[in-house]
Each structure stands twice: as structure tokens, then as C-alpha cells.
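# Architecture at a glance
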Amino acid sequence: GKNFAYQNMATIKAYFDKDTHTNNFIGAGGNGVAVDDFNADNFDHGPHGFVGGSPMWVNQAGSRPIAGTSNPPGTPAWGSAWKRATADYYTHQVSMDAHGAHQSYRGNYLDLDPVYRDAYGLPLLRMTFDWQENDIKMNRFMVEKMGKIAEAMSPKAIAVLGKKVGDHFNTASYQTTHLNGGAIMGTHPKTSALNRYLQSWDVHNVFVPGASAFPQGLGYNPTGLVAALTYWSARAIREQYLKNPGPLVQA
Ligand SMILES: Cc1cc2nc3c(=O)[nH]c(=O)nc-3n(C[C@H](O)[C@H](O)[C@H](O)COP(=O)(O)OP(=O)(O)OC[C@H]3O[C@@H](n4cnc5c(N)ncnc54)[C@H](O)[C@@H]3O)c2cc1C
């Protein structure tokens, strides 16, 4: 259960007057524009005091009935003022996201719960997790960069959803659903569950494709890499394992 990691997310929303049309009711899942200059090693981290990074993007996926009714900070959450603001801002806003890297830490892990069990009497999976200093620093950096882009568009209002110093992980707020790690790939059975072909070190006919194999949370969304690793693993099974079943890597 080690190297359990998440994704480090920040959002900036900009709200415009009625002359600026964003038409966010129109969209497609993969439709968007991204800035990748502050992801991974694409920039000098020296002065900033953190590792990792994030792409920043506007993804116009087509807004959903409730998710699409975001209003400027200070708008009441119900009643006639909320209805007025929703009518005013529905097609005049843009949302920018950073879905960033997340490092692995000794203190963030999965294990078997000592108390809670499922209907079959088996222990439930327990998640021990919190944000660390590096995560907060990176998040604040991304908020600052996205904030400048938002300000340059001269909106009427800006909403910032980012992490503050001292913030703890909170399951109640949406922060992507991109979990990684817990049964990681690596170079040695002492420090990892799987070898580079996603084959279990312990049981050679068990292959474990999935985001659970990632040793760190990456600065992109996970599914492309899950698919790529699965192809990589399937190829090794077809071309090597089936001809000669056994460990594909000697420890
Ligand atoms: C709402 C939502 C939106 C997302 N959007 C995006 C996105 O836009 N882009 C992106 O890249 N990623 C996105 N993700 C993340 C993406 O879905 C996951 O990263 C990806 O599915 C992980 O693949 P996996 O194979 O590791 O795990 P999963 O897809 O969760 O597969 C695990 C499988 O194991 C099965 N299973 C569990 N226990 C057992 C058991 N005991 N025996 C047998 N089978 C079992 C489960 O039923 C499941 O089918 C999103 C996730 C969610 C929930």
C-alpha cells in the first residue's frame, strides 16, 4: 500500500459581463487548451522550493446542469439573488484547472483496516493520507500563474479554489478522482509489488495493470498512461511470458 498518491488540483474561475460569451454549454470531453510550461521539468524549480508541476488548462467539456451554475464569490447559494446571478453568468464564465503532480510520502499509504470489515468479514482498505508542504507550495504557485492569465482577461470577478498553508485533505471537496499507487512497479521486490512489466514479484502469473502501479502521481491525468502500460505489459505477456512462463525480471 505504499506510494499511494493523488493529484494536486487548483481551479480559477473568471466571470465576465454579458458582452463576453463563453458558450460553455457547448463542448466535447477532450476539447481544451493547455499551457504545459509549468509541468514536470519544463521550468526551473530552484527559486520556488518545490518539486513537480502541473499543466493548466481550460477544458470545454459542455457544462452539466448543476456543475455549470457557478457564480462569483459572495453570491448567495440559494434564492432570487442566486437565480439572477445564475442567469447572468451561465454563459459568461471560464474555468481553468491545474491537475498537477503529487509526490509519494512515507505517511501516505493504504493498508487493511484493523476495525472495519465488509459483508464477508474481510478487512476494508484503509487510506492514510494528507497534503504535505511540497503539495501546498506547488498548488499556490499554480494558482498564482493561472490567476495572472485570468486577470489578463479583465473579468468582473475571479474565484480561487486552491490550497492554503495548513490545509488538510478533505474528502468532501472535489479534487479530481485520479488516485495512483499502492501496488507499485519498481526495480526490486523489497521496494515494489510489481516489476516493470506489471508482473507480481511474488506470483509470476499475476499481472496488475492499473494506476495502482504508478510510483508517483503524475502531472497529467492518468488514463493514457494506464493504457500505455497495459499495452506494454500485454506485449511482454504475448511475446515473452507465454513462450516461457516465469519471472520476466530476475531480482
Ligand atoms: C468520475 C471520474 C472521472 C474521471 N475522469 C478522468 C479523466 O477525465 N481523465 C483521466 O485520465 N482519468 C479520469 N479518471 C480516472 C480514471 O478513471 C482512473 O485513473 C482509471 O480508471 C484507473 O484505472 P485502473 O485500471 O487503475 O482502475 P479501475 O478503472 O478502477 O479498475 C479497477 C477494476 O477492478 C475491479 N475490482 C475491484 N476489486 C476487485 C476484486 N476484488 N476482484 C475483481 N475485480 C475487482 C473494479 O470493478 C474495476 O473494474 C476519472 C475517474 C473518475 C471516477
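This text goes with the structure placed above it.
These remarks concern the structure in this document. Residue numbering note: each chain is counted from 1, following its sequence as written. Local features in this predicted model are restricted to residues of pLDDT 70 or higher, and side-chain atom pairs are both shown and tallied only at a pLDDT of 80 or more, whereas totals for entire chains, interfaces and linings draw on every residue. The side-chain quantities take in all heavy atoms of the structure and omit both hydrogens and water.

## Things to note about the overall build of the chain
By the criteria applied, helices consist of DSSP H or I runs no shorter than four residues and strands consist of E runs no shorter than two, each listed in order from the N terminus. Each helix and strand counted, the chain has three helices and seven strands in total. What you see in the chain, going N to C, is helices and strands ordered as β-β-β-α-β-β-β-α-β-α. The principal-axis extent of the C-alpha atoms belonging to the chain is close to 65 × 40 × 40 Å. Partly exposed residues are those whose accessible area sits between 20% and 50% of the maximum for their type, while under 20% is buried and over 50% is exposed, using a 1.4 Å probe and protein chains only. Burial status across the chain gives 38% buried among its 251 residues. Counting only contacts in the chain whose residues sit at least 6 apart along the sequence, the fraction spanning at least 24 positions is 74%. Only the protein chains shown count as cover for residues, with accessible areas throughout obtained via the Shrake-Rupley method and a probe of 1.4 Å. For the chain, the exposed area adds up to about 14500 Å²; of that, 57% sits on carbon and sulfur atoms. Between the averaged position of the 21 positive side-chain charges in the chain and that of its 19 negative side-chain charges there is a distance of 4 Å. Throughout, a residue-residue contact means that at least one pair of heavy atoms, one from each residue, lies within 4.5 Å. Only four residue types enter the charge count, namely Lys and Arg as positive and Asp and Glu as negative; His and the chain termini do not. Note on charges: their place is set at NZ of Lys, CZ of Arg, CG of Asp or CD of Glu.

## Remarks on the pairing of strand β6 (residues 123-128)
Between any two strands, at least two bridges found by DSSP are needed for them to pair. Pairing between strand β5 (residues 109-117) and β6: five bridges, direction antiparallel. Of the residues in β6, the one forming a bridge with Y109 is T128. Connecting the antiparallel pair β5 and β6 is a turn made up of five residues, with G121 showing a positive phi of about 85°.

## Focus: the site of the ligand
Lining the immediate surroundings of the ligand are T177, H178, G210, A211, N221, P222 and T223. Within the backbone of P222, a nitrogen or oxygen atom sits 3.4 Å from an oxygen atom of the ligand. When the ligand is considered free in solution it has 1000 Å² of accessible area, and contact with the protein chains removes 28% of it. Nonpolar residues are Ala, Val, Leu, Ile, Met, Phe, Trp, Tyr, Cys and Pro. Charged residues are Asp, Glu, Lys and Arg, and all others, Gly as well, are polar. Classifying every residue of the shell around the ligand gives two nonpolar, five polar and no charged. For this description, a residue counts as near a given molecule or strand if any of its non-hydrogen atoms is within 4 Å of it. As used in this structure description, the phrase polar contact means that two N or O atoms lie within 3.5 Å; if the pair is within protein, one of them must be able to donate a hydrogen and the other to accept it, and residues adjacent in sequence are counted only when both atoms belong to side chains.

## Quick word on a nonpolar patch on the surface
A surface patch of nonpolar side chains, about 200 Å² in accessible area, is lined by V35, I149 and M153. Following the sequence through the fold, I149 ends up in helix α2 (residues 133-152). On the basis of relative accessible area, I149 is assigned to the partly exposed category, the value being 33%. Nonpolar side chains (Val, Leu, Ile, Met, Phe, Trp, Tyr) within 5 Å and like charges within 9 Å form the patches, drawn only from residues with over 30% relative accessible area and no salt bridge. For this document, the term salt bridge refers to a Lys or Arg side-chain nitrogen within 4 Å of an Asp or Glu carboxyl oxygen.

## Thoughts on the layout of surface pockets
Space inside the largest pocket adds up to approximately 1100 Å³. Looking at the lining of the largest pocket, the elements that each hand over two or more residues are β1 (8-15), β3 (56-61), β4 (93-100) and β7 (157-161). The calculated volume of the second largest pocket comes to roughly 160 Å³. Counting only elements with at least two residues in the lining of the second largest pocket, the list comes to β2 (27-35), β3 and β4. It is β2 that contributes the most residues to the lining of the second largest pocket, six residues altogether. Both cavities and pockets are sets of points on a 1 Å grid over the protein atoms alone; in a cavity a 1.4 Å probe fits but cannot get out, in a pocket the set is open with protein on both sides within 12 Å along at least five of seven lines, and lining residues sit with an atom within 4 Å of a point. Grid points are joined across faces, edges and corners, and a volume is the space filled by probe spheres set on the points.

## Topic: α2
To estimate how far a helix should extend, the number of its residues minus one is multiplied by 1.5 Å. For α2, with 20 residues, the first-to-last C-alpha span of 29 Å sits near the 28 Å given by 1.5 Å per residue. What α2 keeps buried is the set N134, D135, I136, M138, N139, F141, M142, V143, M146, G147 and A150. After α2 finishes, the residue S154 shows a positive phi value of roughly 50°.

## Here we look at the side chain of T11
By the secondary structure assignment, T11 is in strand β1. Within polar-contact distance, the side chain of T11 engages the side chain of D97 at 2.6 Å. For T11, the residues in contact, after removing those within four places along its chain, are S95, M96, D97, M146, A159, V160 and L161.

## Section: the environment of V206
Here V206 is to be found in the loop between β7 and α3 (223-241). V206 gets classed as partly exposed once you look at its relative accessible area, which sits at 36%.

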